[in-house]
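Given next are the chains, with one letter for each unit.
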Amino acid sequence: MRTLLALLFAVAFLALVALALSPDPAADAQDSGAMASANTATRERPERFVDPPVGDRVAFSARQWRGRLTPTEFHVLREEGTERAYSGAFHANHAPGLYRCAGCGAPLFTSTDKFDSHTGWPSYTRPVAPGRVATRSDSSLGTLRTEVHCARCGGHLGHIFPDGPLPTGQRYCINAASLDFEPQPSL
Ligand SMILES: [Zn+2]
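(A) Fine view of the overall build of the chain. Within the chain, the secondary structure is distributed over four helices and nine strands. Scanning the chain from its N terminus toward the C terminus, one meets helices and strands in the order α-α-α-α-β-β-β-β-β-β-β-β-β. Out of the 187 residues in the chain, the part that is buried amounts to 26%. Nonlocal contacts in the chain, meaning residues at least 24 apart in sequence, comprise 58% of its contacts between residues at least 6 apart.

This is the structure in structure tokens:
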């Protein structure tokens, strides 16, 4: 009798183990769904949501930047490329929010200072705060222009032209590829 009981316990135990090890179709479906969304999601850089202090600097090698950026972002930010007009994501974005550097996450511009320049590039009258961007002279196209870049990581953003609307009269003509948008309904 004792042997029979032991045998029954053993069979029950084995049945439980088999149940625990058997694949769960629902769980599998969830896993593959999560993987699919991870594959299509844009790259995640959590540090961008922590505002670095003005004056903070970051530096990476070209190889490291290539690992952190998409090819388009790398071309614009690190090779001073210019995206085609109307090809970027933000020239017609009128949602309230913060525009961050796609390279380092530093806050650069807000929707409050954005205006429709009809140029095909997102345009702003000023940066979110003094010291967030820096400028230098650029004569690469044969005319003297003012280049603007992220003060934190040195990433090229675009150019500044003196034909913007009030209150500054400046037009910060920015490549959308150099920006990430963070919706902020309160703005
Ligand atoms: Zn940056």
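(B) Local environment of the sheet that holds strand β9 (residues 179-183). The sheet built from three strands is open, its strands ordered β2-β1-β9 with antiparallel pairing. A strand with exactly one partner marks an edge of an open sheet, and here the two such strands are β2 (107-110) and β9. Adjacent strand axes in the sheet meet at a mean angle of 30° when their direction is disregarded. Here strand β1 (residues 97-101) runs beside β9; their pairing, made up of five bridges, is antiparallel. What sits directly across from Gly97, in β9, is Pro183.

(C) Geometry of the sheet that holds strand β6 (residues 145-150). On the basis of which strands lie adjacent, the open sheet formed by six strands has the order β3-β4-β8-β7-β6-β5 and antiparallel pairing. Each end of this open sheet is capped by a strand with a single partner; those strands are β3 (114-115) and β5 (133-138). Two strands pair when backbone bridges link them, and β3 and strand β4 (residues 123-124) are joined in this way by two bridges, in the antiparallel orientation. Looking at the pairing, Phe115 lines up with Ser123 of β4.

(D) Just the environment of Glu79, in detail. Here Glu79 shows up in helix α4 (residues 71-79). C-beta crowding within 10 Å serves as the criterion here: with 10 such atoms nearby, Glu79 is assigned to the exposed category. Distance in space between the C-alpha atoms of Glu79 and His156 is 7.6 Å, their sequence separation being 77 residues.

(E) Representation of the pairing of β1. Where β1 and β2 come together, three bridges link them in antiparallel fashion. In the sheet register, Leu98 faces β2, and the bridge partner there is Thr110. Where β1 folds back on β2, the antiparallel hairpin that results is connected by five residues, among which Gly105 adopts a positive phi of roughly 85°.

(F) Representation of the nonpolar core. With 27 residues, the main nonpolar core has Cys101, Leu108, Val133, Cys150, Tyr172, Ile174 and Leu179 as its most contacted residues. Those elements that provide at least two residues to this core are α4, β1, β2, β6, β7 (156-161) and β8 (171-174). Each residue touching Leu179, except ones within four places of it in the same chain, is listed here: Phe90, Tyr99, Arg100, Ala102, Leu108, Pro122 and Ile174.

(G) Fine view of α4. Glu73, Phe74, Val76 and Leu77 are the residues of α4 that are buried. Packed against the buried residues of α4 are α3 (62-68) and β7. Trailing α4 by a residue or two, Glu80 shows a phi angle of about 55°, which is positive.

(H) Quick look at the environment of Gly155. Summarising the element assignment, Gly155 is placed in the loop between β6 and β7. Between the C-alpha atoms of Gly155 and Cys101, which are 54 residues apart in sequence, the distance is 8.0 Å. Aside from chain neighbours lying at most four places away, what touches Gly155 is Leu77, Arg78, Cys101, Gly103, Cys104, His149, Cys150 and Ser178.

What counts as what
Residues numbered from 1 in each chain as written. Predicted model: local features only at pLDDT ≥ 70, side-chain atom pairs only at ≥ 80, totals over all residues. Helix = DSSP H or I, 4+ residues; strand = E, 2+ residues; numbered from the N terminus. Buried ≥ 20, exposed ≤ 12 C-beta atoms within 10 Å, placed from the backbone. Contact = placed C-beta atoms within 7 Å. Pairing = 2+ DSSP bridges. Axes fitted to C-alpha atoms, helices over the stretch in contact; angles between N-to-C directions. Core = buried A, V, L, I, M, F, W, Y, C linked by C-beta atoms within 7 Å.

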